Amino acid sequence: MIEIIPAIDIIDGKCVRLSMGDYGRQTTYKTTPDDMVREFVDYGLTRIHAVDLTGARLGHPEALPVLEKMASVSGAMIEWGGGIKSDSDLRDLFNAGATWAVIGSVAAKDPDIFGRWLAERGDDTMILGADLRDGKVAISGWLDSSSLTASDLVERFAPLGLSQVIVTDISRDGMLAGPSFSLYRDLMAAHPGMLFTASGGISCMDDIERLEADGVQRVIVGKALYEGRISIKDLC
């Protein structure tokens, strides 16, 4: 059965969603991140995907106090990304209570560092985040682009123990227009044994069911929850 992971994006301590990764197209919600975590956990959704969007843009974690509150919720397990660039950033992240670290820009720009983190921390805590714009990996809070594809990164890090990858199609993120089904089918065919999480565009339960039928093992659901397209009860 596909594992459903609710998403919490954070700016200035608040739950937000961006459209297509555009910081100028931001929707802010009244519920606090830790209250959202409590609600998700109450329904049995204990793995939470969280992104420090301010940290991603500035290049260093900015919302660690928010992470501490979220991680203090009994039963919650947080996969956290955004602005993690250094050994101290990573250490602070885990000290604040994260269960997993999602690494994107460093993997693309400084692969030796991410390779070392994989060796030191293990694949059970380190997740590759590949956020794609026009098929290429975007970096620095989606503000810049690289020449790399998701497959390029998987091929680089799979021999070093990588086992978990979150792949986001930025063009669909926050648009409620459905995910890029073919993207995930192609990645799974090219990299059997790698655990891919689909992210971006989930609009309804049919989208999740189609991904599950295709063999996707995990899916991140964000705006569809906040906008009432999918209820938390539907996911349980």
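In case you missed it, the structure is sitting above this.
On a predicted model such as this, the values are computed, not experimentally measured, just so you know. (Residues numbered from 1 in each chain as written. Predicted model: local features only at pLDDT ≥ 70, side-chain atom pairs only at ≥ 80, totals over all residues. Heavy atoms only, no water.)

Moving on to the nonpolar core. Judged by nonpolar contacts, the single largest core of 70 residues is most densely connected at Ile8, Trp80 and Phe114. The element that contributes the greatest number of residues to this core is helix H8 (residues 181–190), accounting for five residues. Contacts of Phe114, omitting those with residues within four sequence positions, involve Ile103, Val106, Ala107, Met126, Ile127, Leu128, Phe157 and Leu162. (Core = buried A, V, L, I, M, F, W, Y, C linked by side-chain atoms within 4.5 Å. Buried < 20%, exposed > 50% of the residue type's maximum accessible area, 1.4 Å probe, protein only. Helix = DSSP H or I, 4+ residues; strand = E, 2+ residues; numbered from the N terminus. Contact = heavy atoms within 4.5 Å.)

Below, the discussion takes up the packing of aromatic side chains. One pass over the structure, following the stated rule, counts two aromatic pairs. Centre to centre, the rings of Phe114 and Phe157 are 4.8 Å apart; their planes meet at 85 degrees, and the pair counts as edge-to-face. Highlighted residues: Phe114 in helix H6 (residues 111–121) and Phe157 in helix H7 (residues 150–157), separated in sequence by 43 residues. Judged by its relative accessible area of 0%, Phe114 falls in the buried class. (Phe/Tyr/Trp six-rings, centres within 6.5 Å; stacked < 30°, edge-to-face > 60°.)

With that settled, consider the pattern of salt bridges. Enumeration according to the criterion identifies 10 salt bridges in this entry. The partner of Asp34 in a salt bridge is Arg38, and the shortest N-O contact between them spans 3.0 Å. Residue Asp34 and its partner Arg38 are both found in helix H1 (residues 33–42); the two are separated by four residues, about one turn of the helix. When the shortest N-O distance is used, the salt bridge between Arg185 and Asp214 registers 3.2 Å. Within this pair, whereas Arg185 is found in helix H8, its partner Asp214 is found in helix H9 (residues 205–214), the two being separated by 29 residues in sequence. Under the relative-accessibility criterion, Arg185 is labelled partly exposed at 37%. Among the ionic contacts, a cluster of salt bridges with common partners joins Asp34, Asp35 and Arg38. (Salt bridge = Lys/Arg side-chain N within 4 Å of Asp/Glu carboxyl O.)

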